Amino acid sequence: MAPRRTTAKPPKNAPTAPVVCSPCDGSGMVAATVRVGRKRRPVGQQDGICLNCLGSGTDPNA
């Protein structure tokens, strides 16, 4: 007969939390400056997709 175990089994490896992308802070969107005219003066900003994480919000190099 096998000896009885008196302690609980150790927990399985819990999945780690994904690392947040630093350029977009996890939102997947970054501000892109809009330039107009021949002198290319900035007139505002619009949202653009983050090229580091491609919109997922997680760091691909983690």
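Residues numbered from 1 in each chain as written. Predicted model: local features only at pLDDT ≥ 70, side-chain atom pairs only at ≥ 80, totals over all residues. Heavy atoms only, no water.

Here the focus is a nonpolar patch on the surface. A cluster of nonpolar side chains, M29, I49, L51 and L54, forms an exposed patch at the surface whose accessible area comes to about 450 Å². Along the polypeptide, L54 turns up in the segment after β2 (41-49). The exposed category is assigned to L54, whose relative accessible area is 61%. (Patch = residues over 30% accessible without salt bridge, like charges linked within 9 Å, V, L, I, M, F, W, Y side chains within 5 Å. Areas by Shrake-Rupley, 256 points an atom, 1.4 Å probe, with all protein chains shown as cover. Salt bridge = Lys/Arg side-chain N within 4 Å of Asp/Glu carboxyl O. Helix = DSSP H or I, 4+ residues; strand = E, 2+ residues; numbered from the N terminus. Buried < 20%, exposed > 50% of the residue type's maximum accessible area, 1.4 Å probe, protein only.)

A word on unusual backbone geometry. Unlike most non-glycine residues, D25 shows phi in positive territory, near 55°. One non-glycine residue, R40, adopts positive backbone phi at about 55°. By secondary structure assignment, the location of R40 is in the loop between β1 (29-36) and β2.

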